[in-house]
Amino acid sequence: MSLRVRINLLLTVLTALFTVAMLKIVVDDTRRSIREEMEGANRVTLQLLSTVIRDAQLVSTSDASESVLLNFLRELGRVRAHEIKLFDVEDDLVYVSPPSVYKAGRFAPEWFARLVKPDLPVINLPVHGGNITVRVDSSRSVLDAWDDLKNLLALILAFLVAVNVLVFFLVGRSLRPVQTVLTGLRRMERGELHVRLPELPTPEFAAISHTFNGMADALEQSQAENSRLAMIVRQSGDAIMILDLDGRISFWNPAAERLFGFSAEEIVGHPGRLLVPHSLVGELAEHSAILRARGTIDHVETRRRTKDGRPVDVALAAAPLVDPVTKSVIGEIYTVRDITELKRAREAEIELAQNRQLTQLIQSSLEEERRTIARELHDELGQCITAIRTVGTVVAQKTESTRPDIHQSAKMIVDVAARMYDSVHGIIRQLRPSALDHLGLQDTLEDAVDQWRRLHPEIEFVLDVSGDLHDLGETVNITAYRIVQECLTNVVKHARARRAHVSVSRDGPAGSERLKVVVRDDGRGLTEPEAARATRFGQLGMRERAEALGGTFELHSVEGQGLTVTVLLPLGARAGHPGEARVAS
Ligand SMILES: Nc1ncnc2c1ncn2[C@@H]1O[C@H](COP(=O)(O)OP(=O)(O)OP(=O)(O)O)[C@@H](O)[C@H]1O
Ligand SMILES: [Mg+2]
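So, how was this worked out
Residues numbered from 1 in each chain as written. Chains lettered and ligands numbered in written order. Predicted model: local features only at pLDDT ≥ 70, side-chain atom pairs only at ≥ 80, totals over all residues. Helix = DSSP H or I, 4+ residues; strand = E, 2+ residues; numbered from the N terminus. Buried ≥ 20, exposed ≤ 12 C-beta atoms within 10 Å, placed from the backbone. Axes fitted to C-alpha atoms, helices over the stretch in contact; angles between N-to-C directions. Parallel < 35°, antiparallel > 145°, perpendicular 65-115°, else oblique. Left-handed = near helix turned anticlockwise from the far one by under 90°. Pairing = 2+ DSSP bridges. Domains from an automatic or database assignment. Expected span 1.5 Å × (residues − 1). Contact = placed C-beta atoms within 7 Å. pLDDT = per-residue confidence, 0-100.

1. Let's talk about the overall build of the chain
And step 1. Helix and strand counts for the chain stand at 17 helices and 14 strands.
And step 2. Principal-axis analysis of the C-alpha atoms gives the chain an extent of 235 × 55 × 40 Å.
And step 3. The buried share of the chain, reckoned over its 585 residues, is 22%.

The following block contains the structure:
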């Protein structure tokens, strides 16, 4: 039943109750007043009749007396509320007062008359030769009261109808915004959270509309936030799961499906220990204890088990799930990341570092070996050649005049010995650039470039050095030297260049200084197949040397426009620590 109808019904019931109460009062009042009126009329009538009867009795005969009375009564006619009858001695009716002409023929309903009619006795007055009876007839007064009451009821009914119509209209008008509010609520119920109510007329509805709109804003915000969170959880690369207080899985995101192989339907409701290898079940209990005590687990590297029983290395973080209302812990949220690749990468990194150390060790051993060979060549072969040369010179001198044939042979021996000496020294220099030990990198490079100039005058060799290269340490020195040596050898061997430019510079801020070696030529560059082919030992060796020191090696070539090799060697702790070579060897 609508509010409007209810209000009207209530009004009607209230009015009806009021009317009934009023009717009761009116009826009581009417009864009292009719009774009073009848009693008063009674008194007057009796008084009058008593006086007339007394006067009539003064007449001697009863007939005379009766005729006096009769005349009087006939003249008197109808007394409004009384019916007067005169009986003779035989009790025959001699006279009855005429009926009332007031509202003649109409009567109040019987039930109403019973309610208000006074119950007064018929009065008997004895007279000479008979008696007079006086009976109260209140039917006119009752009819008056009934007519008044009907008018009153009609008035009340008219009032009730008018009030109901008015209230129905007014309530309808003031409840019209309810429809707007209801429509808004229904649309919101259907999930249309963008719905807002317009400004409504009365202060109450304006307040409702404000509250509704505020609530819709908050809902929309919280739904946006929820869907953002849900999207993050769905798209997260980390497995996210929630365990309830019984240790059963209650939430499982797609990344968890990918990591463990269980779909959400398969795993939700099952215990979380399914994912833990048997040997680590105790760990799960430890984690739960921490979380139930409202602690968190930030990063633990451990193992979990996939659907097919395969162990997987994971890093996990966890936090207690707290009910926002009761603030009590209602579960545990775990974030699990597969770190198999990370572990492999770490192992590869360690392997690489070990390889670098090994390469460095090999390079150092090679250098040491070269140094030994150079020393042997110098000390043994060099001495022998010198001795041969000396002996040859002596023989040549002694046989110059006496034995020209022997003299000639001896001179040849001296020449060959001299050439041998030069080549052995060349080899020694290649094997071990002794200048590096005494003069440092810059002078040794200048020395070497000078030699290349002498050997290959058709090529213009240019050397640019910047920065202080004195305290680079033996390892960096020999690495840089060997790289320049290999690059220039390649230029001579392969490039058909007219110009080769070597630049060695030390730059970078203190703590992260580096040595930059660039060798550029204007030769033929690498052909496409050469560029695609795996490098040969020369370039490989350069790369290994650079990387063994934590540096980089880059080769840039455009066919027909030459080739550029760029090597960066970090100096950092290595610079100025020649002892490192000893450690490496
Ligand atoms: N400056 C250059 N200009 C043109 N081609 C070059 C140059 N340097 C190297 N190359 C090409 O690259 C190839 C690989 O060079 P790399 O130094 O590795 O080997 P290599 O010099 O042939 O032999 P080695 O192992 O004795 O050094 C060379 O064979 C050559 O074809
Ligand atoms: Mg080479």
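2. Concerning the packing of helix H1 (residues 3-57) against helix H4 (residues 139-174)
Helix-helix packing is characterised by the crossing angle of the two axes and by the distance between the axes.
And step 1. Orientation of H1 relative to H4, taken along the N-to-C sense of each, is 165°, at an axis distance of 10 Å. Our classification of the angle between H1 and H4 gives roughly antiparallel. Here H1 runs over H4; the crossing is right-handed.

3. Looking at the pairing of strand E14 (residues 563-570)
Remember that side chains alternate between the two faces of the sheet whenever the strand is regular.
And step 1. Of the two faces of E14, only one is covered, namely that formed by Leu563, Val565, Val567 and Leu569; the face formed by Thr564, Thr566, Leu568 and Pro570 stays uncovered.
And step 2. Note that strand E13 (residues 552-557) and E14 share 6 bridges and pair antiparallel. Pairing of His556 across the sheet is with Thr564, part of E14.
And step 3. Connecting E13 to the next strand, E14, in antiparallel fashion are 5 residues, including Gly560 with a positive phi near 90°.

4. Points about the sheet that holds strand E7 (residues 297-305)
And step 1. Read across the sheet, 5 strands follow the order E6-E5-E9-E8-E7 without closing on themselves; strand pairing throughout is antiparallel. Edge positions in the sheet fall to strand E6 (249-252) and E7, since each has one partner strand and no second. Pairwise comparison of adjacent strand axes, ignoring direction, gives a mean angle of 30° for this sheet.
And step 2. Where strand E5 (residues 239-244) meets E6, 3 bridges bridge the pair, whose relative direction is antiparallel. The residue bridging Leu243 from the neighbouring strand is Ile249, located in E6.

5. Some thoughts on the domain arrangement of the chain
And step 1. As far as domains go, the chain holds domain 1 (3-169), domain 2 (177-229), domain 3 (236-338), domain 4 (342-432) and domain 5 (440-578).
And step 2. On a C-alpha basis, the centres of domain 3 and domain 5 stand 55 Å from each other.

6. As for the environment of Asn226
And step 1. With respect to the helices and strands, the residue Asn226 is situated in helix H6 (residues 203-235).
And step 2. Along the primary structure Asn226 and Ile25 are separated by 201 residues, whereas in three dimensions their C-alpha atoms are 68 Å apart.

7. Looking at unusual backbone geometry
Note on backbone geometry: most residues besides glycine have negative phi, and most peptide bonds are trans.
And step 1. We note that Lys103 has phi near 50°; this positive angle belongs to a residue other than glycine.
And step 2. Take Lys103: it is sitting in the loop between strand E2 (93-96) and helix H3 (110-116).
And step 3. Note on Lys103: 13 C-beta atoms within 10 Å, which makes it partly exposed.
And step 4. In this structure, Arg294 is a non-glycine residue whose phi angle is positive, near 70°.

8. Regarding the environment of Arg32
And step 1. Relative to the elements of secondary structure, Arg32 occurs in helix H1.
And step 2. Considering only alpha carbons, one finds Arg32 and Thr45, 13 residues apart in sequence, at a separation of 20 Å.

9. Thoughts on helix H16 (residues 537-548)
And step 1. In a regular helix each residue adds 1.5 Å, so 12 residues correspond to 16 Å; H16 covers 16 Å between its end C-alpha atoms and thus fits that length.
And step 2. Those residues of H16 not exposed but buried are Met542, Arg543, Arg545, Ala546 and Ala548.
And step 3. Buried residues along H16 sit against helix H10 (340-398), helix H14 (474-495), E13 and E14.
And step 4. Two residues or fewer after H16 comes Gly550, characterised by a positive phi angle close to 80°.

10. Quick look at the environment of Gly473
And step 1. Position of Gly473 relative to the elements: it lies in the loop between strand E10 (460-466) and H14.
And step 2. Note: C-alpha distance between Gly473 and Asp522 (49 residues apart in sequence) is 32 Å.

11. What to know about the packing of H14 against H16
And step 1. Where H14 meets H16, the axes come as close as 10 Å, and the angle between the chain directions of the two elements is 160°. The angle between H14 and H16 falls in the class roughly antiparallel. Read as a crossing pair, H14 and H16 show a hand that is left-handed. Taken together, the residues of H16 that come into contact with H14 (itself represented by Thr479, Arg482, Ile483, Glu486 and Asn490) are Gly538, Gly541, Met542 and Arg545.

12. Considerations on the pairing of strand E12 (residues 514-521)
And step 1. Burial analysis of E12 places 6 of its 8 residues in the buried class, the great majority of the element.
And step 2. Note that strand E11 (residues 499-507) and E12 share 8 bridges and pair antiparallel. Residue pairing for E12: Val504 is matched across the bridge by Val517.
And step 3. Between E11 and the antiparallel strand that follows it, E12, lie 6 residues; Gly508 among them carries a positive phi value of about 95°.

13. As for the confidence of the model for the chain
And step 1. Summary statistics for the chain give a mean pLDDT of 87 and a share of 96% for residues scoring 70 or more.
And step 2. Contacts for the low-pLDDT stretch residues 573-585, under 50 throughout, to residues beyond four places or in other chains number 27 contacts.

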